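# Working through the structure, step by step
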Amino acid sequence: MSKKNKPELIERAFNFSKLEARAGENEEPGGIIEGRAVVYNSKTDLGWFFEEIAAGALSGTDLTDVRFLVNHDANKIPLARSRNNNANSTMQLVADNEGLFIRAKVDTENNADARALYSAIQRGDISGMSFMFSVDDEEWRDLESDKPTRIIKSIASIIECSAVTFPAYGATSIFARDAEQLESCKRALESARAESGQDRAPEGAKKSELSKELRMLLKRYR
């Protein structure tokens, strides 16, 4: 089942050791933070369903204005920004055959938040990356099963990338999500089932228990 969506903003996060900080090149002030914000073909368990981003999903993505934040906190000044992904921007984005790679130059000399983040990444205290995006095209598979799979085939735009303290999920399991994100996943699955005629969850899904992590999160945020 494939469908064109009206764009909706979605957050997704990964926990990768590839988020790195190093000294600025040519002894210029500041530091360089590099990492991979999007990874193709990595199936992730979102509790209600599996999800993965298909290879090539970034081929037509709007990357004209992308901010680099910490924990998606838009109330603070961005630590870097990519405008039309040009060489003069403080962040560059590279869509390759693995996903999306970012390189941000942060002002550790004049910005205390940048200095704190740079130090935390160097120490290994922060290793997660997250991104906010809108979906242009998706496909649902195995909607009749206990846990279907959502394939994101095309990403319309990326709004921002963040270094995150608590990645929303790792490669295969949920670690921490807020209540709104959990409910968003549930609504997406219910909508897909309704449109495909599978508007009732399988009996096995009704009787199956939620994962330990998911039950703890729901208890915490209710």
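Structural data are supplied above this passage.
Criteria and thresholds
Residues numbered from 1 in each chain as written. Predicted model: local features only at pLDDT ≥ 70, side-chain atom pairs only at ≥ 80, totals over all residues. Heavy atoms only, no water. Helix = DSSP H or I, 4+ residues; strand = E, 2+ residues; numbered from the N terminus. Salt bridge = Lys/Arg side-chain N within 4 Å of Asp/Glu carboxyl O. Buried < 20%, exposed > 50% of the residue type's maximum accessible area, 1.4 Å probe, protein only.

### Considering unusual backbone geometry
What you tend to see is this: most non-glycine residues have negative phi, and most peptide bonds are trans. Phi at N84 takes a positive value of approximately 55°, unusual for a residue other than glycine. Among the secondary structure elements, N84 is positioned in the loop between β8 (80-83) and β9 (91-95).

### Let's talk about the pattern of salt bridges
The tally for this structure, following the rule as stated, stands at 10 salt bridges. Here E51 ties to R150 by a salt bridge, and the two come within 3.2 Å at their closest N and O atoms. In this pair, E51 sits in strand β6 (residues 50-53) while R150 sits in strand β12 (residues 149-164), placing the two residues 99 residues apart along the sequence. We classify R150 as buried; its relative accessible area is 3%. Across the pair D65 and R67 runs a salt bridge whose closest N-O atoms are separated by 2.8 Å. Salt bridges linked by common partners bring R36, D96 and E98 together as one network.

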